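Summary of the model geometry
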Amino acid sequence: MSVVSSRFRIDEREASLRQKAAGSIQRYERAKHSLAGGVSSGLRRSLRPFPLYFHSGSGSSLQDVDGTRYIDYMLGWGPVILGHAPLAVTAAVSNALSRGYTFGAQHDLEFEVAELIQKAVPCAERIAFANSGTEIVQVALRLARAYTGRPKYLKFEGHYHGWDDSVLVSYHPTGDQVRGQSPVPVGAGQRPESNAVVVEWNDRSAVERVLDEHAGEISAIICEPLLCNSGCIPAEPGFLAFLRDITRKHGVLLIFDEVITGFRLALGGAQEHYGVVPDLATFAKAVGGGMPFSVLAGSASVMDLIATGKVVHAGTLNGNPPVLAAAKATLEALAADDCEAFRRMWRLGNLLRDGIVQRLNAIGMDAVSTGGGPVFSVHFQARAPRTYRDTLLSDAALYTDFAVAMLDEGVALLQDGRWYLSAAHTEADVTSTLQAVDRVLAG
Ligand code: PMP
């Protein structure tokens, strides 16, 4: 296959990007002398051929410091649900900023946003706020330990729940590292984690076995209800309902980490989309429309541990006005016209996803997709993965070459196969993107 053997003319593509994006290269070299690694979050360093520097974003597009415009499917790794700089959100944030940035005290936006979330999210009897997904997952796990009086939790291989030592295990283990239930730390310096028990996604008998073997020790099962961080792998039909039933049976809490799926798959997140209601759910990304905001939602009986002060939940900047103003404007825009934004993202996202895979298959390449509409993944492999381990069979290096070639064509993609859509993407964006795919595949 000529396209594959030439790897999308990757050398020429990289040379072209080096020329077009010289301003980014210069800045990256400069930043490396002051900023550890040159970037603000570790994962951004790995973007090939080099991290781009952006000047601005508007709607579905980003403009880099050299003036090149890209159709953006990275969307800040998920939060940019309405597109970049939507007018209503910008106006709401400016208005809030003009009245003070943070009070460390109460104001109306707190209950207004909590009420909007309560209305939208099935499990949301009570709400708590923080600033990042990492933090809010810690609140959820702490609540689960306090509520059940048990120390451990079950997580699935390939699922990401933030960068705290307690959860940054068995995220993307290599083929050699994969070793059953022992949690594999991702980086150096992490405390050994003995409270996480890890099983494979979609493996019912492993979940049953762990709950039996660790009877009385497991406080919670946490999962990404759509495994967005490892190739948008869905739960197999009935698997989420199985988790719901078995957690009830064992007195274990079910936590959906909806940091990505929340306010993205539907206004009520994955729990609305799949019709399974967890005890607790964590949100960040889309809920703040691009501002640092995270939310825990859950049943009153569990969340009451915060109300009574038994469980500590704190944070200087929690619920500050500009962030809540962004959240309120974002949630209102997403709910408008009977949630038209979601119908649109599903329709355009599926059109795009199917168009990409058809084009790849038409030239004889093994390619499949998982997920859909607002967030999906394209895998360079013959069969759709059902576990994280299955994703190790895909040709990830070739996909990165594809993403680099697409960047050279003016389409910005995450390089792990994931595509995010926003409510600002248009039919014309989809058409232009598929034309870019055609050019990349033409070699
Ligand atoms: N959970 C999930 C499912 C996530 O995708 C992320 C971030 N990618 C987090 C938690 C952590 O969120 P944050 O980066 O805001 O700390």
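Relevant structure appears above.
This one's a predicted model, so the numbers in the text were calculated from it and none came from an experiment.

Another aspect to go through is the environment of Leu-407. Tracing the sequence through the fold places Leu-407 in helix H13 (residues 396-408). Distance from Leu-407 to Arg-244, taken between C-alpha atoms, is 41 Å for residues 163 residues apart in sequence.

Take the sheet that holds strand E16 (residues 418-420) next. Spatially, three strands are ordered E13-E14-E16 in an open sheet, and the strand pairing comes out antiparallel. With partners counted over all chains shown, the strands left at the sheet margins are strand E13 (368-372) and E16, one partner each. The average undirected angle you get between the axes of adjacent strands in this sheet is 20°. In this structure, strand E14 (residues 375-379) lies alongside E16, joined through three bridges in antiparallel fashion. Pairing of Val-375 across the sheet is with Tyr-420, part of E16. Packed onto the sheet, helix H11 (residues 321-362) meets E13, E14 and E16 and runs at close to 175° relative to E13.

Here strand E10 (residues 253-257) lies mainly inside the structure; five of its five residues are buried. Residue alternation in E10 divides its side chains into two sets, Leu-253, Ile-255 and Asp-257 and Leu-254 and Phe-256, and both sets are buried. Relative to E10, strand E7 (residues 218-223) runs parallel, the two sharing four bridges. When the sheet's bridge partners are listed, Cys-223 is paired in E10 with Phe-256. Of the pairings in the sheet, the one linking E10 to strand E11 (residues 280-283) comprises three bridges and is parallel in character. Bridging from a neighbouring strand, Asp-257 pairs with Thr-282 of E11. Between the parallel elements E10 and E11, the chain passes through helix H9 (residues 269-274) in a crossover that is right-handed.

Rules behind the numbers
- Residues numbered from 1 in each chain as written.
- Predicted model: local features only at pLDDT ≥ 70, side-chain atom pairs only at ≥ 80, totals over all residues.
- Heavy atoms only, no water.
- Helix = DSSP H or I, 4+ residues; strand = E, 2+ residues; numbered from the N terminus.
- Pairing = 2+ DSSP bridges.
- Axes fitted to C-alpha atoms, helices over the stretch in contact; angles between N-to-C directions.
- Contact = heavy atoms within 4.5 Å.
- Buried < 20%, exposed > 50% of the residue type's maximum accessible area, 1.4 Å probe, protein only.
- Right-handed = clockwise from strand over helix to strand, strands pointing away.

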